[in-house]
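Overview (structure and organization)
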Amino acid sequence: MESLAPELIDELNTKKDPDKGLKELEVEEGQKVIMRFAPNPNGPATLGSTRGIVINSEYVKKYGGKFIIRFDDTDPQTKRPMLEAYEWYVDDCKWLGAEPDEVVIASDRMPVYYDYARKLIEMGKAYICFCDGADFKKFKDAKKACPHRDVSPEENMEHWEKMVAGDYEEKSAVLRIKTDITHKDPALRDFGAFRIVKAPHPRPEIADKYCVWPLLDFEGAIEDHELGMTHIIRGKDLMDSEKRQGYIYEYLGWKYPKTTHWGRIKMHEFGKFSTSGLRKAIEEGKYSGWDDPRLPTLQALRRRGILPEAIRKFMIEMGVGETDISISMNTLYAENRKLVDPTANRYFFVWDPVEMEITEAEPCTVNPALHPTEDRGCREIKIKNQVVICKEDAEKLQSGSKIRLKDLYNVEVTSTEPLQAKYLNDSIESVKKDKMRIIHWAPVDGVPVKVLSPDGEFTGVGEKQVTTELDKIVQFERFGFCRIDSVDGQVVAYYTHK
RNA sequence: GCUCCGAUAGUGUAGCACGGCCAAUCAUGCAGGACUCUCACUCCUGCGACUGGGGUUCGAAUCCCCAUCGGAGCACCA
């Protein structure tokens, strides 16, 4: 077939393997793709934010374009930005292999937003509304214009200047964009574009420079155009946003970027969590910090030894469907395990250790392989006539039980309290013949190990040599993969996954 | 209340714009087996789905309508 009709093979391949990763983007001739990830830096990146980073940057990589991170930090109050988070986000992007080509901070660009606000006021497309929230809602629900809708641009401009100058109290005035007050979808009727917030911005260079801040629909609309965005991929909770922003684009004669949406993503393992909720829990000491292994932050996953490639694959596999999904961490772990398994050295770690005395055995040194299939050398463990084994293994033993201590020798239990055994032989054949259980162990004078995992802490004893694996991911046999986080005095490891 | 989305195996996902090639893809999961001095990895085999009801059509996962379920917006949050 290859020689007869090579073109048919191509055809077969394209049909069977329709671009495994992301769907094609609609790109116009000669168009340079520009996409962005636009977080509010009110906390660190979580697994949820990661989708935006990975998918957007992946498309940019695929088509060759520009990836921008834009901080939508125009709410100094309710979702108050966190100063450290700006750096964190950029770091996390880099770590994920999605280094931004450009970093934009909305709070730096207020003059731009003000200019467009004035422009729209002049055009009669925006007005200052003095209704309080409830009153406006009544008008809106009744499809009626509020009394402030029809004042002249000149008068509106005066109000605007006073508003910007700080003459009005918070909540007493808001700039609205005129849409269609009779639109059948109430979500689209005359939406708010700017409101008054007198709390200072956390960024020292901004601080109390402004008291009138744009809302997302306005800020995002302007920026997406100013930055030349060609495509936007974001959550479908922002679908209406596009329709609202459409009015601004129409007034200003702009063309809206092509949009795609994804549904809500929920992880089985993590309940509902909000950035502000987490922040509070951390302050209360319920978590050790943003990188507490129980949290779904990128910092935590990173510390636990989840590799960025695993996260990328995981997100790309998930695609950009509009369906709301609920997915398990196990899928991410499976991805990570495949990457980590060939490189992780193996060690013994005994949790809930129980001492076992072995009679009739000579002190010895054993050299188990660092990896079962890759040729990476050996470890060295010295023992005399005592080892520790896991309590859960010890509990299954009775007098007379024969058991294999992995990579060491076979013993027969002679007493369970205290736990004692006598040396039998070294023969691996007899292990197979007698179907002995093979358990791991550790020297009694090993190094103390503490493992921090999403399900709590494990403490026990490990081989001394683990201390040479700082910052590496190892596999504690019959336990799971862990990243060695620190090695002074005791070894502290973060649990990756089974 | 009004409006807008969505629905394929346990979980994700491909297929749906141009109906037939779908007895429906891939991954993960689960079950069994092989390998193995780890409950890891690898390999083999198997399990498992078009939400329901109408309609259009020679033919529907794919088009239309209704229902059900899930999500979202109507904020001076992003």
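Reference entry: report on the structure contained in this document. (Residues numbered from 1 in each chain as written. Chains lettered and ligands numbered in written order. Predicted model: local features only at pLDDT ≥ 70, side-chain atom pairs only at ≥ 80, totals over all residues. Heavy atoms only, no water.)

Another aspect to go through is the layout of surface pockets. One way to see where empty space is left: roll a probe the size of a water molecule over the atoms. When its volume is computed, the second largest pocket comes out at roughly 270 Å³. Lining the second largest pocket are 13 residues, with Lys 382, Ile 383, Pro 443, Asp 445 and Lys 464 positioned closest to its centre. Broken down by element, the lining of the second largest pocket gets its largest block of residues, three residues, from strand S16 (residues 381-383). Of the residues belonging to the lining of the second largest pocket, the class tally is four nonpolar, three polar and six charged. (1 Å grid on protein atoms, 1.4 Å probe; cavity = no way out; pocket = protein on both sides within 12 Å on 5 of 7 lines; lining within 4 Å. Points joined across faces, edges and corners; volume = space filled by probe spheres on them. Helix = DSSP H or I, 4+ residues; strand = E, 2+ residues; numbered from the N terminus. Nonpolar A, V, L, I, M, F, W, Y, C, P; charged D, E, K, R; others polar.)

All right, on to a negative patch on the surface then. A cluster of acidic residues, Glu 122, Glu 154, Glu 155 and Glu 158, forms a negative patch on the protein surface. Examining the composition of the negative patch, we find that three residues originate from one element, helix H6 (residues 153-165), more than from any other. Here Glu 155 is to be found in helix H6. (Patch = residues over 30% accessible without salt bridge, like charges linked within 9 Å, V, L, I, M, F, W, Y side chains within 5 Å. Areas by Shrake-Rupley, 256 points an atom, 1.4 Å probe, with all protein chains shown as cover. Salt bridge = Lys/Arg side-chain N within 4 Å of Asp/Glu carboxyl O. Lys, Arg positive; Asp, Glu negative; His and termini not counted. Charge placed at Lys NZ, Arg CZ, Asp CG, Glu CD.)

A separate point is the packing of aromatic side chains. As enumerated under the stated definition, the model contains 24 aromatic pairs in all. When the centroid spacing of 6.3 Å and the interplanar angle of 20 degrees are considered together, the rings of Tyr 59 and Tyr 63 count as stacked. Of this pair, Tyr 59 and Tyr 63 both sit in helix H2 (residues 47-63), separated by four residues, roughly a single helical turn. You can call Tyr 59 buried: its relative accessible area is 2%. Overall, the relative accessible area of 25% leaves Tyr 63 in the partly exposed class. Between Phe 479 and Tyr 495, the aromatic rings sit 5.5 Å apart at their centres with planes inclined by 70 degrees, giving edge-to-face as the arrangement. One end of the pair, Phe 479, is in the loop between strand S25 (473-476) and strand S26 (480-486); the other, Tyr 495, is in strand S27 (residues 491-497), with 16 residues separating them in the sequence. In this pair, the class of Phe 479 matches that of Tyr 495, namely buried. Among the aromatic residues, those joined into a ring-pair cluster are Tyr 114, Trp 160, Phe 194, Tyr 210, Trp 213 and Phe 218. In this structure, Arg 203 packs its charged tip against the face of Tyr 86, placed 5.9 Å from the ring centre. (Phe/Tyr/Trp six-rings, centres within 6.5 Å; stacked < 30°, edge-to-face > 60°. Buried < 20%, exposed > 50% of the residue type's maximum accessible area, 1.4 Å probe, protein only. Lys NZ or Arg CZ within 6 Å of the ring centre and 35° of its normal.)

In the neighbourhood of RNA strand B, 54 residues make up the surrounding shell, with Lys 140, Lys 171, Arg 195, Lys 338 and Arg 478 lying closest. Looking at RNA strand B alone, sugar and phosphate atoms form 71% of those within 4 Å of the protein. Within the side chain of Asp 240, an N or O atom sits 3.0 Å from a sugar or linking oxygen of RNA strand B. One of the side-chain N or O atoms of Arg 244 is found 3.4 Å from a sugar or linking oxygen in RNA strand B. Sorting the residues of the surface near RNA strand B by element identifies helix H8 (239-252), helix H11 (308-318), strand S11 (325-327), helix H12 (329-340) and helix H14 (428-433) as the ones contributing at least two each. Its residues assigned to classes, the surface near RNA strand B shows 16 nonpolar, seven polar and 31 charged. (Near = heavy atom within 4 Å. Polar contact = N/O pair within 3.5 Å; in protein donor to acceptor, adjacent residues only side chain to side chain.)

Take the pairing of strand S18 (residues 402-405) next. Relative to strand S19 (residues 410-416), S18 is paired through three bridges, and the arrangement is antiparallel. Considered in S19, the bridge of Ile 403 is made with Val 411. Between S18 and S19, which pair antiparallel and follow one another directly, the connecting turn spans four residues, one of which, Asp 407, has a positive phi of 65 degrees. Inspection of the sheet shows S18 paired to strand S21 (residues 437-439) by three bridges, in the parallel sense. Bridged to Arg 404 within S21 is Ile 438. (Pairing = 2+ DSSP bridges.)

Here the focus is the packing of H2 against H11. Packing of H2 against H11 brings their axes to within 9 Å, and their N-to-C directions diverge by 80 degrees. Judged by the angle between their axes, H2 and H11 are roughly perpendicular. On the side of H2, the interface is formed by Leu 47, Thr 50, Arg 51, Val 54, Ile 55, Ser 57, Glu 58 and Lys 61, while H11 contributes Ile 311, Arg 312, Met 315, Ile 316 and Met 318. For the contact of H2 with H11, the per-class residue count stands at seven nonpolar, two polar and four charged. (Axes fitted to C-alpha atoms, helices over the stretch in contact; angles between N-to-C directions. Parallel < 35°, antiparallel > 145°, perpendicular 65-115°, else oblique. Contact = heavy atoms within 4.5 Å.)

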